[in-house]
Amino acid sequence: VQLAESGGGLVQAGDSLRLSCVVSVRTFSDYTIAWFRQGLGKEREFVAVFSRAGSTRYADSVKDRFTVSRDNVKNMVFLQMNDLEVEDTAVYYCAARPFGIGIVAGSYEYWGQGTQVTVSS
């Protein structure tokens, strides 16, 4: 299983970005895909997840601003980020696991390399 993120960049507070994650696996629909982020000097934290069963969950800090979606034909998961804040600055990772919904980074077996999101004030 291989994952690759894209779509990061430098934006201003209040702007939007859409991150993409393409997953190379034969049975994409069997995997739950989550987004995590890690700010400089901080621990990796949960952002959002789209389970293999079709349910979603968000961290409180991004609820109502971020939306996770999934395309099981293209093997892709997206993270639409609106009204970005300086505190959202981090490297964003997508991760996969062949189980149901989960928000603990250690429970995900497969990871992408990450994409940098920088939000300036």
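Residues numbered from 1 in each chain as written. Predicted model: local features only at pLDDT ≥ 70, side-chain atom pairs only at ≥ 80, totals over all residues. Heavy atoms only, no water.

## Examining the sheet that holds strand 7 (residues 66-71)
In spatial order, the strands read 1-3-8-7; together these 4 strands make up an open sheet with antiparallel pairing. Each having just a single partner strand, strand 1 (2-6) and strand 7 make up the two edges of the open sheet. Geometrically, the sheet is characterised by an average inter-axis angle of 15 degrees between neighbouring strands, direction not taken into account. The pairing of strand 7 with strand 8 (residues 76-81) spans 6 bridges and is classified as antiparallel. Across the sheet, Arg 70 pairs through a bridge with Val 77, a residue of strand 8. (Pairing = 2+ DSSP bridges. Helix = DSSP H or I, 4+ residues; strand = E, 2+ residues; numbered from the N terminus. Axes fitted to C-alpha atoms, helices over the stretch in contact; angles between N-to-C directions.)

## A short note on the side chain of Arg 97
Residue placement: Arg 97 occurs in strand 9 (residues 90-97). One buried charged residue, Arg 97, remains without a salt bridge, the closest side chain of opposite sign being Glu 109 at 9.4 Å. Among the polar contacts made by the side chain of Arg 97, one reaches the main-chain carbonyl oxygen of Gly 100 at a distance of 2.7 Å. Excluding anything up to four places from it in sequence, Arg 97 contacts Asp 30, Tyr 31, Thr 32, Gly 102, Ser 107, Tyr 108 and Glu 109. (Buried < 20%, exposed > 50% of the residue type's maximum accessible area, 1.4 Å probe, protein only. Lys, Arg positive; Asp, Glu negative; His and termini not counted. Salt bridge = Lys/Arg side-chain N within 4 Å of Asp/Glu carboxyl O. Polar contact = N/O pair within 3.5 Å; in protein donor to acceptor, adjacent residues only side chain to side chain. Contact = heavy atoms within 4.5 Å.)

## Topic: the pattern of salt bridges
Oppositely charged side chains are able to pair whenever their charged atoms sit close together. Per the counting criterion, the structure on display carries 5 salt bridges. Its salt-bridge partner being Arg 37, residue Glu 45 comes within 2.6 Å of it at the nearest N-O pair. When its relative accessible area of 35% is taken as the criterion, Glu 45 is described as partly exposed.

## Thoughts on the side chain of Glu 5
For Glu 5, the location among the structural elements is in strand 1. A polar side-chain atom of Glu 5 sits 3.1 Å from the main-chain amide nitrogen of Gln 113.

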